[in-house]
Amino acid sequence: MKRIYLMICLACACTAMIAQGKKDTPVYKDANRPVEERVNDLLKRMTLEEKVMQLNQYTLGRNDNVNNVGEAVKNIPAELGSVIYFSYDPKLRNEVQRKAMEESRLGIPLIYGYDVIHGFRTVYPIPLAQACSWNPELVQQASAVAAQEARMSGVDWTFSPMIDVARDGRWGRVAEGYGEDPHTNAVFAVASVKGYQGDNMASDKNVAACLKHFVGYGASEGGRDYVFTEISRQTLWDTYMQPYIEGVKAGAATLMSCFNDISGTPGTANPYILREVLKGKWGHDGFVVSDWGAIEQLRPQGVAADKKEAALKAFTAGVEMDMMNNCYNKHLGELVSEGLVSMEMLDDAVRRVLRVKFRLGLFERPYTPESTEKERFYLAESLRVAEQLAEESIVLLKNENNILPLQEAKDIAVVGPMGDTRWHLLGSWAAHGDSERIVPIASALKEEFEGKASVTFAKGCDFDGEDSSGFEEALQAARKADVVVVALGEKKNWSGENASRSTIALPDIQLQLLKEISKTGKPIVLVLSSGRPIELGKVEASCKAIVQMWQPGISGAKPIAGVLSGRVNPSGKLAITYPYASGQIPIYYNQRKSARPHQGKYQDIPNTPLYEFGHGLSYTSFEYGKLKASASSVSKDGRVTVEVPVTNTGDRDGLETVHWFITDPVASISRPVKELKHFEKKLIRKGETVVFRFEITPMKDIAFLNHNGDKILEKGKVYISVKDERVELDIE
Ligand code: GLC
């Protein structure tokens, strides 16, 4: 009896202690409490200085973005909000995090960001290539792998996806987004956000996403970086905003404000887009980080006289976090004390940052479990996804007399500077990608054709310069061969940030090599690896086949070797128009209507692109049947299905993407000549017919956005088209 009595007393004492302990645990440290309660509890404990420090981001580790001059910050303050983490070792992250958790008064964890744009260590094809796969499910898988590698390496937050609609190939960052079309960028924005954030950002396999660069960066005049854009309110909404609308709906935790000026108001000091639209109209409850230096750059942009005014303009406009400007850390506290920034606005900003940190689970798990690189990188499934995405991104642009796949060739010559490179196949923004594992084109072809054909490589020339001394060796190899694979393209740093080019033509030395090879009379297969569309108007005729492999990342040239041998049936289609010449730029499929469609053309060059948006050949053939609509009219709240049967009439299975466009011939605001509104990619086995469907709901698929971002659906006829066929639909 006595023992039972003692045990009961002990139990009661323990319960009382736990209850007391719980009572003493601040709400913000109690993982069982709702995030909003924890945020508010923590906020009310914070001093002005602690609040300001949460809104600053410094760098940790060696800055690997050459465009941003900035010394690594030596001594990270324990109260800091965030760092850009340039290492991939959890140890360094944990060391600094321990300082934040143990040496600061409230123990608020840092959030670690980094540019994981198309993979972390397992690097995937550049995003422009990914768009050409038209496979959002696969891109979601790739983003999930990138998130896992990043989180396990100490990164909680990626500055990705970049979803800037871009129509000017002279702009280096066209490589980094999903092409010229708003709907395409919107679909891949959602796929990336879902891949990065998963169902629960607190999982140790997910990271917070960051939609960038909000907004209109792709309209940089002349394709030059960091400059101004002229974007009307109407174009802002019907071209550039759609990917952000969908990305925010998908739950993207953060956004990054852009460098560019939007018709006189820089995106980083733009209350309309950041407060009225993002926070007001869309109700985004995460936070906005500036681009590197974008706050300080308000001075050269002519809207701020000094850093204090820059801080005031950016913060009141709606930029919560300062990436390496040293504006908020120096002036925000002062601005609050002077009453120029209200404590209410400051609290809202801090609340947003804390909210994301709680949702990431950083208070419960501030440290990254230490793991080996083998446990984190190049997992078999990650490499499989990389290879499949590289295969499905390859676009067969030309295939005269079905010269491809090379099945009869006994001697293949490979020439050109792209033939033996590894590094340049990674593409820009390759994070911690390592080119050592990459198989170059010539080696991949040797492996692929082992036992079937001999493969000889002779580089011929470099990517640029004037040295043609290697031509003769290349010509000798060509003369001995049945077919010549000419591998040309761009260096890794010719696209990406601060990589504008006045022309999208290849350097003369590469074109001269191609010309000399064509004089041998041997059939040429041109393989291109680049971060942008390449001008081919004058060289297209000399090539029997042309294949755009983009920059495939870690999979290197094995996929393109598979296409040349026929092991892989190419299924990629262009997500960006291929101009005939640089002089046609800007040229894109969804241009607004001309007053005189048949006049006003260039006198000196063709006026149609060399290869249109959506172009891409296969080794099989597909026959499209008649379009059929379930009704000829539809009300605002109705629904109509349009379908098209597609038959594989060739002799091998193939993946086919069907693009569905709408055309609104007459509206209160002139609409583009056509607009992509749906796409679907399916496997069609040889001889089979598969029906593709577009379930149309007028408010989602037909309505357009006016200059206030309001959806407008007008009565009258619209056309739904696939390829050259269309059906008419009457909107009642
Ligand atoms: C760069 C880029 C931005 C990137 C950031 C951090 O200047 O504009 O896309 O996320 O700085 O590297």
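Residues numbered from 1 in each chain as written. Predicted model: local features only at pLDDT ≥ 70, side-chain atom pairs only at ≥ 80, totals over all residues. Heavy atoms only, no water.

Here's the deal with the sheet that holds strand β16 (residues 524-529)
To keep things clear, this is the line we draw: Between any two strands, at least two bridges found by DSSP are needed for them to pair. Secondary structure counts use DSSP, requiring at least four H or I residues in a row for a helix and at least two E residues in a row for a strand, with both numbered from the N terminus. Only the contacting stretch of a helix is used when fitting its axis, a line to C-alpha atoms as for every element, and angles between N-to-C directions run 0 to 180 degrees. We call two residues in contact whenever any of their non-hydrogen atoms come within 4.5 Å of each other.
Sheet architecture is open: six strands sit in the order β12-β17-β16-β15-β13-β14, paired in mixed fashion. The two strands at the open ends of the sheet, each matched to only one other strand, are β12 (395-399) and β14 (454-458). Put simply, the sheet's adjacent strands are angled 20° from each other on average, direction ignored. On the sheet, helix α18 (residues 508-519) packs against β13 (411-415), β15 (483-489) and β16 and is oriented at approximately 170° with respect to β15.

Looking at the pairing of β13
Heads up, the rule is: Here's how the labels work: a residue is buried when its accessible area is under 20% of the maximum for its type, exposed when over 50%, partly exposed in between, all with a 1.4 Å probe on protein chains only. The handedness of a crossover follows from its direction of travel: if, with the strands pointing away from the viewer, the path from the first strand over the helix to the second runs clockwise, the crossover is right-handed.
Of all five residues in β13, four are buried; the element is thus mostly enclosed. Note: β13 against β14, five bridges, orientation parallel. Pairing of Val415 across the sheet is with Ala458, part of β14. Each parallel crossover has a hand, and for β13 linked through helix α16 (residues 441-448) to β14 it is right-handed. Bridging between β13 and β15 involves four bridges; their strand directions are parallel. In the strand pairing of β15, Ala413 is matched with Val484.

Let's talk about the confidence of the model for the protein chain
Keep this limit in mind: A score from 0 to 100, pLDDT tells how confident the predictor is in each residue.
Looking at the protein chain as a whole, the pLDDT averages 96, with 98% of positions reaching at least 70. Per-element mean pLDDT across the protein chain ranges from 67 in helix α1 (residues 2-24) up to 99 in strand β7 (residues 254-257).

Details of helix α10 (residues 271-281)
Within the span of α10, buried status applies to Tyr272, Ile273, Leu274, Val277, Leu278 and Lys279. Positive phi shows up at Gly283, right after α10, with a value of about 65°.

Considerations on the domain arrangement of the protein chain
Filter applied, for reference: Where each domain begins and ends is defined by an automated method or by a domain database. Accessible area, probed at 1.4 Å, shrinks when two parts are joined; the buried area is that loss added up over both. One speaks of a salt bridge when a side-chain nitrogen belonging to Lys or Arg is within 4 Å of a carboxyl oxygen belonging to Asp or Glu. N or O atoms closer than or at 3.5 Å make up a polar contact, with two conditions inside protein: a donor-capable atom paired with an acceptor-capable one, and, for residues adjacent in sequence, both atoms drawn from side chains. Gly counts as polar in this scheme, as do all residues outside two lists: the nonpolar Ala, Val, Leu, Ile, Met, Phe, Trp, Tyr, Cys and Pro, and the charged Asp, Glu, Lys and Arg.
Considered domain by domain, the protein chain is made up of domain 1 (382-584) and domain 2 (622-731). The straight-line distance from the C-alpha centre of domain 1 to that of domain 2 is 34 Å. Contact with domain 1, which involves seven residues of that partner, is made by ten residues of domain 2. Among the residues of domain 1 in contact with domain 2, Asn569, Ser571 and Lys573 are the three that bury the most area, contributing 72% of the side total. Between domain 1 and domain 2 we count two salt bridges in total. Two residues, Glu656 and Lys573, come together in a salt bridge whose shortest N-O distance is 3.2 Å. For the pair domain 1 and domain 2, the number of links is six residue pairs in polar contact (both at pLDDT 80 or more). Of the residues contributing to the side of domain 1 that touches domain 2, the split by class is one nonpolar, three polar and three charged.

A short note on the packing of aromatic side chains
This is how the line gets drawn: To pair, rings of Phe, Tyr and Trp, with the six-membered ring standing in for Trp, must have centres within 6.5 Å; the planes then decide the type, stacked if under 30 degrees apart, edge-to-face if over 60, and tilted in the middle. For a ring to carry a charge above it, either NZ of a lysine or CZ of an arginine must fall within 6 Å of the ring centroid while also lying within 35 degrees of the normal to the ring plane.
The full count for this structure, using the stated rule, is 26 aromatic pairs. On the numbers, 6.1 Å between centres and 90° between planes, the contact of Trp237 with Trp282 is edge-to-face. Highlighted residues: Trp237 in helix α8 (residues 233-240) and Trp282 in the loop between α10 and β10 (287-290), separated in sequence by 45 residues. You can call Trp282 buried: its relative accessible area is 19%. On the basis of an interplanar angle of 20° and a centroid distance of 4.4 Å, the ring pair of Tyr589 and Phe613 is categorised as stacked. With a gap of 24 residues between them, Tyr589 in the loop between α19 (558-565) and β18 (622-624) and Phe613 in the loop between α19 and β18 connect regions that are remote in the sequence. Among the residues examined, Phe613 registers a relative accessible area of 8% and is labelled buried. Following the ring pairs from residue to residue traces out a cluster consisting of Trp134, Tyr178, Phe188, Tyr589, Phe613, Phe661 and Phe679. One Lys or Arg, Arg437, reaches over the ring of Tyr378 and ends 3.8 Å from the middle of that ring. Between Arg501 and the ring centre of Trp494, over which it is positioned, the NZ or CZ distance is 4.2 Å.

Quick notes on the layout of surface pockets
Using the following cut-off: Of the two site types, the cavity is a set of points on a 1 Å grid over the protein atoms alone where a 1.4 Å probe fits but cannot get out, and the pocket is an open set with protein on both sides within 12 Å along at least five of seven lines, each lined by residues with an atom within 4 Å of a point. Grid points are joined across faces, edges and corners, and a volume is the space filled by probe spheres set on the points.
Quantified by volume, the largest pocket comes out at close to 1,000 Å³. Around the largest pocket, the lining is made up of 46 residues, and of these Pro182, His183, Ala186, Gln242 and Glu246 lie nearest the centre. Of all the secondary structure elements, the ones that give two or more residues to the lining of the largest pocket are α6 (136-151), α7 (182-197), α8, α9 (242-249), β23 (675-684), α20 (698-701) and β25 (704-705). Here the lining of the largest pocket is composed, by residue class, of 19 nonpolar, nine polar and 18 charged. By volume, the second largest pocket is sized at about 790 Å³. Forming the boundary of the second largest pocket are 25 residues, of which Ile587, Tyr588, Gln591, Lys601 and Asn607 lie nearest the centre.

With respect to the packing of α7 against α9
Helix-helix packing: each pair is described by the crossing angle between the helix axes and the interaxial distance. Condition: Roughly parallel here means an angle under 35 degrees, roughly antiparallel means over 145, roughly perpendicular means 65 to 115, and every remaining angle is called oblique. By definition, any crossing whose near helix is turned counterclockwise from its far helix by less than a right angle is left-handed, and any crossing with a clockwise turn is right-handed.
Viewed as axis vectors pointing N to C, α7 and α9 meet at an angle of 25°, and their least axial separation amounts to 8 Å. Classified by the angle their axes make, α7 and α9 are roughly parallel. Of the two possible hands of crossing, α7 and α9 adopt the one that is right-handed. Residues Pro182, His183, Asn185, Ala186, Ala189, Val190 and Val193 of α7 touch α9, and the partners they reach there are Gln242, Pro243, Glu246 and Gly247. Taken together, the residues of the contact of α7 with α9 sort by class into six nonpolar, four polar and one charged.

Focus: a negative patch on the surface
For clarity, the cut-off: Residues qualify for a patch when their relative accessible area is over 30% and they have no salt bridge, like charges being joined within 9 Å and the nonpolar side chains of Val, Leu, Ile, Met, Phe, Trp and Tyr within 5 Å. To be clear on the numbers: accessible area is Shrake-Rupley with a 1.4 Å probe, and residue cover counts the displayed protein chains and nothing else. Charge assignment in this entry is limited to Lys and Arg as positive and Asp and Glu as negative, and neither His nor the chain termini are counted. Taken as the charge centre is NZ of Lys, CZ of Arg, CG of Asp or CD of Glu, depending on the residue.
On the surface, Glu49, Glu79, Glu102 and Glu103 cluster together into a negatively charged patch. Within the secondary structure layout, Glu49 lies in helix α3 (residues 48-53).

Considering the environment of Glu448
With respect to the element layout, Glu448 can be found in helix α16. Residue class for Glu448 comes out buried when judged on its relative accessible area of 13%. Placed 381 residues apart in sequence, Glu448 and Asn67 show a C-alpha to C-alpha distance of 39 Å. If near-sequence neighbours (up to four positions away) are discounted, Glu448 is found in contact with Lys558, Ala561, Gly562, Ser565 and Arg567.

Topic: the side chain of Arg121
With respect to the secondary-structure elements, Arg121 resides in the loop between β3 (111-114) and α5 (127-133). We classify Arg121 as buried; its relative accessible area is 8%. Look past the residues within four positions of Arg121 in its chain and what remains in contact with it is Tyr88, Glu149, Glu373, Phe377, Tyr378, His432, Gly433 and Asp434.

A short note on the side chain of Thr254
By the element assignment, Thr254 lies in strand β7. When its relative accessible area of 0% is taken as the criterion, Thr254 is described as buried. In terms of polar contacts, Thr254 uses its side chain to reach the side chain of Trp157, at 2.9 Å.

Focus: the site of the ligand
Put simply, the rule reads: Neighbouring residues are identified by heavy atoms, a residue being near a molecule or strand if any of them is within 4 Å of it. By definition, a pocket or cavity contains a molecule when more than half of the molecule's atoms lie within 2 Å of the pocket's grid points.
Inspection of the region around the ligand gives 14 residues, with Asp115, Arg173, Lys212, His213 and Asp291 positioned closest. Taking Asp291, its side chain carries an N or O atom lying 2.5 Å from an oxygen atom of the ligand. Computed on the free molecule, the ligand has an accessible area of 310 Å², of which 100% lies beneath the protein chains in the complex. Under a 2 Å grid-point criterion requiring more than half of the atoms, the pocket assigned to the ligand is the largest cavity. For the shell around the ligand, the per-class residue count stands at six nonpolar, three polar and five charged.

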